[in-house]
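Descriptive analysis of the structure
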Amino acid sequence: MVSVPRGDAEATMNRPRPCDSDMSTVFSLDLLANILDRVSDPRDRKSCRLVCHGFLRAEEIHRRSLRVLRLEVLPGLLRRYAAGLECLDLSACPALDDRAFSAALAAGAGQWRLRSVSLSRASGVGWRGLAALVDACPRLEAVDLSHCVGVGDREAAALANAAGLRELRLDKCLGLTDVGLAKVAVGCAGLEKLGIKWCLEISDIGIDLLAKKCQDLKELDISYLKISNRSINSISSLGKLEVLNMVGCSFVDDEGLQFLKHRNNSLRSINISRCENVTSSGLTSVIEGNSGLQKLNVGDCFPELASLFFSKLNDLKDSLTVLKLDGFQVSASSLKIIGLNCKNLAKIGLSKCQSVTDEGIFELVANCVHLTTIDLTCCHLLTDRALISIGDQCKKLRCLRLESCNLITDKGLECIGTCCSSLEEIDLTDCSLSSTAMKYLSQCSKLVVLKLGLCYMISDEGLVLLASNCKKLRELDLYRCVEITDDGLAAIAAGCKKIQKLNLCYCTKITDGGLRHVSRLEELRDLELRGLCHVTSSGIAKIAMGCRHLSELDLKRCNLVDDGGLFALAQYTENLRQINISYCSISGTGLCMLLGTLKCLQDVKLVHLSLVPIEWFEIALRASYEKLKKLKLLIGLRNLLSPLLIEKLHSRGCRIRWVEKPFAARR
Amino acid sequence: MDLKLRKPPETSSRASSTMVNDISKNLKPDMPFIQFDSSSLGYSVGQDRSMSEVSPQVVNQSHCFYAPERETKIKNHLGPSSVIDWNPRLMLSNLSFLEQKIHQVQDIVRSIISQEDHVVDRGNELAAQQQLVTADLTYIIIQLISTAGTLLPNIKNTLLSTDPAVGQPSSAMGMNTNLSSCGGQKPIEILPPEVAKSSEYDELMKDFDACVGEGDELIKCLNNAGAELSESMPIDDHDAKDYDDGMDGENLPPGSYEVLQLEKEEILAPHTHFCLICGKGFKRDANLRMHMRGHGDEYKTPAALAKPSKEASSEPPIIRRYSCPFVGCKRNKEHKKFQPLKTILCVKNHYKRSHCDKSYTCCRCKTKKFSVIADLKTHEKHCGRDKWICSCGTTFSRKDKLFGHVALFQGHTPAIPMDDAKVSGAPDQVQASESTNGMAEHTGFNFTGNTPNDAQSLDIKGADDCQGYFSPMNFDACNFMGLDEFPRSVYEVSESPFSFLSTGSFSFIQRHGEN
C-alpha cells in the first residue's frame, strides 16, 4: 500500500490478518466484486478494501476507473489496477511529465485495457508521453488534453496513431494548428466527439479537412475559433453531427448559418452564443433547417430578436427543451409566444434579459409547466408576483436563479418554498432577504446549492432554520453575510454534513471557534475565508486537520494567519490544489513549507507577503515550479526573481499574473 | 574576354594614337568619336586573326544596329560607294569578306600614316578618311570587346526600321545632365594612350556597367512610353523564357527562315548596345539613345530619340531564327531535329541554362543553383515558402494546396517540420518546447528518439549540474537523480524535505490540538 492517507492509518492497523476467515475463502472474487459494485460512495469502497484482502483483490481486478490525486502514488496504483482499468483520470496531477507518464505506463505493459485517459491540465506531458500512451493502450477511445497549453502539432501527431480514437478534447491547446488537426483527422477517422475550443491557430482550411475526413463526427466544439462562414459550410456536410458548439465565433454571420439550413436534420443541440455578427435571420435559418433541435443557445449575440424568430420556434414545437436567450430584450409578448410554441421546454435562460417583467414570466410559465430550470439573473424588474406564478405552475422546478432581483422579498420565496419541493438549486445573491426567507426555503429539503451572498440581513437564526431541514446541502455561499457568527456555523456544521463548498468571505464576526465547527465538515473541498480578520492560525490548523479533502482555500486578508496555519495545511491537506494567502502574515519558512510539501498545489496567489524575503520566494518557487499552473505575484518580484526560474515556470505551463497593487489596509 | 590576350603591338598602338590625338585637336568639334577610336585603332591593327573568328552573322547584326548612324554621318563625307560594300546580305554569305575589309581598313590607315608628313592642308579629307576608318573599326572592336551577344526586342525594331517613331516623352529631357555626367565624363579618362591596355580598359568597362545600371533606373523613372522600354532586366529574361517554351509549336518549315548562330562569347556578353563615342555599354537601345543625348545636340532631336519603327521598313522583314552554338544540342542547327530559337534572348537563356555552370546559388536554401539570374530571383520569391510538406514528400507553397492534396489522397497527412515546429507555434508553445529541452538536459534525462516511436527508449543519464539549480529543496524532480532505475525511483516516497522546518510547527499544532 503506497497510498494510505494518514487519516486511514487506524483502519489499516485494524485490518485483519489474512486467515481462514478471510472473505475470499467464503465468496468468490466475482461475488465480492459484485458487492463492491453496489457500494457507490468512493469513501465506503475505500473502507471496504481496507477491511479485508478479499475485497482488496476483488477491487484490483474489478476496478474500471481511477482518478489519481497525487502523483507519487501513481505507479503503485497502476501496477495494482493495470489489468482492469478502463478510465484513468490524471487531471489532478499537474506535475506529471513524459518521464513519469511513460514509466507509469510501462508498469502495466502489455495488459492495458484503457479506453479513456484524461490528461487535462497535465501540461508536462508532451508528444513522447502521448506516443507511449498510444503504443501501450491499443483500445484507447477517449483522450482529454484540454488546457494543456503546451500541446501542439507534434502531440496531435502522436495521438493520431490511435486509430480507434472516438473522443478527443483539445480545448486550449494553444500550439495546435491546422497541421495537427489534419494529423488527427486523418489518423482518427472514426472520431465522434471533438473539442477544439480556444485552439486559436486553427483556420477554415483545417476545419474543411476535418469535415472531409471525419464523417462520423457527432459532437464538435469550435468555440472561439477564428473561422469564417466557409467552415460552417464544411461542417454542414457532416451528416451525423448532433451537437455543435460555436460560441464566440465572431467571424461567422448569417450567411454562414444559412449553410446549416440544408442539412439532414441530425442536429440536436447548437450553441451560437456570443457570435456577434449573427442576427435574427441567421437564427431563423438555423431553426428552419433543423426541426429536431432540442437545445438552442443564442445568448449575447445582438440586442433584439425579431418576432419572426419567436414564431419560427413553432417549427421546434415538440423537440425543443432548452432555450437560452441571455442578454436579449425579451418582451412579455415574446415570452408568451415561446410559451405557446415550446410546451416541452425544460430549461430557459433569460439571464440579463432586463426587460423581462412579471407579466412575461406569467405568460411563459402558464404554458411551460415542465420547466425545471429558470435563469432570471439580473432581471431587475421582477417582483414577488413572478415568483408566485412560477411556484404555482412549475411544480417540477429544480433550479432557480434570481441573482440581483432586488425587488424580491421574503414573501415571494414563501410560494417557492411551499410549492417547489423538488428545488435543488437556488441563487439569491444580492436579493434583500431576511432570515424569514430561510424559514420558507428550509421546506425544500432537496436543496443542494444555496447562494445567499450579499444578503446582509441573514442571521444565525436563518442558518439554524436552514440546517434543520436541508441536510443535502452541498454548496453554501454566505459571502458578506456580515451578521453571521460562530453559532450559525455550528448549526450548519451540525445539520449540513455534506457541504463541499462553503463561502464565508467577509463574514467578519467569525472567529477560530467558528472554524472549529467548520472543521467538522469532512467533505469540504472548497473553503473561502477571505477577509476574516479574527481568524488565526489556530483556526486554520483546525480546518486543516478536519477537512482532509480540502482542495481550494482562500485566506486572503486573514491578517492574523501566520506560519503555524500554513504548517498545518502543509501537514494535513495533501489534496490542496488552490490557495490564496495574499496579505497573510507569513514568513519565508511558512511559504517554503507550504509550496514545497503540498504536491497537488497548482494555483497559488502570493500578493503582498511583506514578511517573506525575496530569497525565500525564490526557494519556495524553485521547490514547486513543476506543479504550479497559476501564480499571482506582485510585479515588483518580476525583476527580483531569477529569470531562469520564471522561464522554468513558464515551460511547465504556469501562467504568472503580475499584479501592480499598492499595499492597502483591509477594506 | 579574350581581349586581354590580344594585346596589340605597342609601337603601332602608340603611333596611331598619337597621330589621332593630333588630329583630334584640330577637329574636335566635328569628331566626337575620335577619343575612343584612338584606342580602338590600336587594337584593330593587330587583330586580323581574331576578327576572322567572328562569324559573319554576328557581324551582320552588329552592323545593322550600327548602320543607321553610320549612314547618316558617313554618307555625307564619303558618298554612298563605301556603304554599298557593307551590304549585310553579302556579309552573310561571305565569311572571308570581313577579313578583306580589315585589310582595306589597314590600307587606309597605312595611307594616312604615309600622308601624314606632307599633306597638312588636306585636313578635311584626312578627317573624312579618319572618320570612316574609326567608324568601321569601332564596330569591329565592339564585337571583340564583348558586345553584340544579344539583341533585345527593341533592338530588333531598330534594326528593321528606318523611320523614326512619333516622339519621345518630353520628360526624358530631364535626363540630360545625368547622362552627360556618366557618358561624358568617363570617356575623358580614355584619352591617355595607356588606357589602351586591355586590363585597364576592362576596368573602365565595369565602371560603365555601373553607369548603365543608373541609366536603366533613370529610364525606368522617366520614360512613360511603355513597358517595352521600362521593363527591368529580370522581367525581360522571364519573358524570354516564355518565348523559349513557346518555340516548339512554331513549326516553321526549314529554309523559310534565316538561321543565325552566335558564338559562346557573344551569348555570354553582358551588353548589346554600345555608345560609338565613348564605348559605354547598354542593355537596351532606348537607354543608349538616352545616353547619346549627352554627346551633343544632334542626338537630342525627336527623330534621334524616337524609337525606330517597323512600318516604314523598305524591305520585308527577314524571319530570323537562332541556333545554339553547342554542337549536339537540339537547338544546334546541325541537329537532326533542329528546333530553332526565336530570339537572341532565348539563345542567351537557353545557352546559360543548358550549357553553362549554375553559378548562382540561392542564399536561403543553399541548395538550388541557377545559371540565369532571373531564374534565381524567381526561385527566391518562393524559396522557403515551400514549408507545406505532405507525408508523401510532396511540397507545397500554400497551405490550402497541401490540405487539398491531403483531402484527396487516403492516408496522406501534413508533415510537421522538426525545426519549424517551434517557429510556427504559438509563443507559449515555443517557450514551452524550448525550455522543455533545457529541462531535459537539466534533470539529466535525454530522450534519444526523434520520432514518436522511439519514445520508449529513454536514455537516462545522471547529470551533475542538475542538483545545482533546482534542488535546494530536493523534490520529486531531483529525487531520482543518480539512481539507476528511473521508473520506480521517481516515486519513492520521501520524507518531507521540510522536516527540518516542521518540527517546531508540529509541536505548535499539537499544542493547539490539545485545546
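It should be emphasised that the depicted structure is a prediction, and the values quoted were computed from it without experimental measurement.

1. Things to note about the overall build of chain B
In terms of regular secondary structure, chain B is built from 26 helices and 12 strands. When the 515 residues of chain B are sorted by exposure, 47% land in the buried category. For chain B, long-range pairs separated by at least 24 residues make up 63% of all intrachain contacts whose partners lie at least 6 apart in sequence.

2. Some points on the overall build of chain A
If you tally the helices and strands in chain A, you get 28 helices and 24 strands. The buried share of chain A, reckoned over its 667 residues, is 61%. Counting only carbon and sulfur atoms, one obtains 49% of the accessible surface of chain A, whose full area is about 24,400 Å².

3. Brief notes about the pattern of salt bridges
Residues and elements named next belong to chain A. According to the stated counting rule, one finds 33 salt bridges over all chains in the structure shown. With a shortest N-O distance of 3.9 Å, Arg115 and Glu86 are connected by a salt bridge. Of this pair, Arg115 sits in the loop between helix 7 (98–107) and strand 3 (116–118) while Glu86 sits in the loop between helix 6 (74–81) and strand 2 (87–89), and the two are 29 residues apart along the sequence. Taking the shortest distance from any N to any O, the salt bridge between Asp171 and Arg169 comes out at 2.9 Å. What makes Arg169 partly exposed here is its relative accessible area of 33%. In this structure, a network of salt bridges that share partners links the residues Arg45, Arg49, Glu59 and Arg63.

4. Comments concerning the environment of Tyr81 of chain A
Residue and element names in this part refer to chain A. Examined against the element boundaries, Tyr81 turns out to sit in helix 6. Looking at Tyr81, the relative accessible area reads 1%, which means it is buried. Not counting the four nearest positions on each side in its chain, Tyr81 is found in contact with Arg49, Glu59, Glu60, Arg63 and Leu66.

5. Re the packing of aromatic side chains
All names here are of chain A. In this structure the tally under the stated criterion is 5 aromatic pairs over all chains. Plain terms: the ring middles of Trp198 and Tyr224 are 4.3 Å apart, the flat faces sit at 5 degrees to each other, and that makes the pair stacked. Highlighted residues: Trp198 in the loop between strand 6 (193–195) and helix 11 (204–213) and Tyr224 in the loop between strand 7 (219–221) and helix 12 (229–235), separated in sequence by 26 residues. Take Trp198: its relative accessible area is 33%, and that puts it in the partly exposed class. Between Phe302 and Phe328, the ring centres sit 5.1 Å apart and the planes meet at 70 degrees, which makes this aromatic pair edge-to-face. Placement of the pair is Phe302 in the loop between strand 10 (295–297) and helix 15 (307–312) and Phe328 in the loop between strand 11 (322–324) and helix 16 (332–341), with a sequence separation of 26 residues. Each member of the pair, Phe302 as well as Phe328, carries the same accessibility label: buried. Stacked on the ring of Tyr81, the Lys or Arg Arg63 has its end atom at 5.4 Å from the ring centre. Its guanidinium or amino end placed over the ring of Trp198, Lys172 lies 5.8 Å from that ring's centre, counting from NZ or CZ.

6. Notes on the confidence of the model for chain B
Looking at chain B, the pLDDT average stands at 56 and 35% of residues meet or exceed 70. Overall, residues 419–515 of chain B carries pLDDT values under 50, and its contacts beyond four positions in sequence, including any with other chains, amount to 148 contacts.

7. Structural notes on unusual backbone geometry
All names here are of chain A. Despite not being glycine, Asp300 has its phi angle at roughly 55 degrees, a positive value. Its location among the elements puts Asp300 in the loop between strand 10 and helix 15. Judged by relative accessible area, Asp300 falls into the partly exposed class, the value being 28%. One non-glycine residue with positive phi stands out, namely Lys352, at about 65 degrees. By the element assignment, Lys352 lies in the loop between strand 12 (347–349) and helix 17 (358–367). A relative accessible area of 38% places Lys352 in the partly exposed class.

8. So, the pairing of strand 22 (residues 603–606) of chain A
Two faces make up the sheet, and in a regular strand the side chains alternate between them. Residue and element names in this part refer to chain A. Of the strand pairs in this sheet, strand 21 (residues 578–580) and strand 22 are connected by 3 bridges, and their pairing is parallel. In the strand pairing of strand 22, Gln578 is matched with Asp603. Considered for its hand, the β-α-β crossover made up of strand 21, helix 26 (residues 588–597) and strand 22 is right-handed. Looking at chain direction, strand 22 and strand 23 (residues 630–634) are connected through 4 bridges and run parallel. In the sheet register, Val604 faces strand 23, and the bridge partner there is Leu631.

9. Thoughts on the packing of helix 10 (residues 178–187) of chain A against helix 20 (residues 399–408) of chain B
The relative placement of two packed helices is expressed as an angle between their axes plus a distance between the axes. In the contact formed by helix 10 of chain A and helix 20 of chain B, the axes pass within 12 Å of each other and the chain directions differ by 5 degrees. Accordingly, the angle class assigned to the pair helix 10 of chain A and helix 20 of chain B is roughly parallel. Contacts between helix 10 of chain A and helix 20 of chain B involve Asp178, Val179, Ala182 and Val186 of chain A from the first element and Lys399, Phe403 and Val406 of chain B from the second. Within the contact of helix 10 of chain A with helix 20 of chain B, the residues separate by chemical class into 5 nonpolar, no polar and 2 charged.

10. Focus on a positive patch on the surface
Among the surface-exposed residues, Arg121, Lys630, Arg655, Arg657 and Lys661 of chain A lie close enough to one another that they form a single positively charged patch. With respect to the helices and strands, the residue Arg655 of chain A is situated in strand 24 (residues 655–659).

Basis of the calculations
Residues numbered from 1 in each chain as written. Chains lettered and ligands numbered in written order. Predicted model: local features only at pLDDT ≥ 70, side-chain atom pairs only at ≥ 80, totals over all residues. Heavy atoms only, no water. Helix = DSSP H or I, 4+ residues; strand = E, 2+ residues; numbered from the N terminus. Buried < 20%, exposed > 50% of the residue type's maximum accessible area, 1.4 Å probe, protein only. Contact = heavy atoms within 4.5 Å. Areas by Shrake-Rupley, 256 points an atom, 1.4 Å probe, with all protein chains shown as cover. Salt bridge = Lys/Arg side-chain N within 4 Å of Asp/Glu carboxyl O. Phe/Tyr/Trp six-rings, centres within 6.5 Å; stacked < 30°, edge-to-face > 60°. Lys NZ or Arg CZ within 6 Å of the ring centre and 35° of its normal. pLDDT = per-residue confidence, 0-100. Pairing = 2+ DSSP bridges. Right-handed = clockwise from strand over helix to strand, strands pointing away. Axes fitted to C-alpha atoms, helices over the stretch in contact; angles between N-to-C directions. Parallel < 35°, antiparallel > 145°, perpendicular 65-115°, else oblique. Nonpolar A, V, L, I, M, F, W, Y, C, P; charged D, E, K, R; others polar. Patch = residues over 30% accessible without salt bridge, like charges linked within 9 Å, V, L, I, M, F, W, Y side chains within 5 Å. Lys, Arg positive; Asp, Glu negative; His and termini not counted. Charge placed at Lys NZ, Arg CZ, Asp CG, Glu CD.

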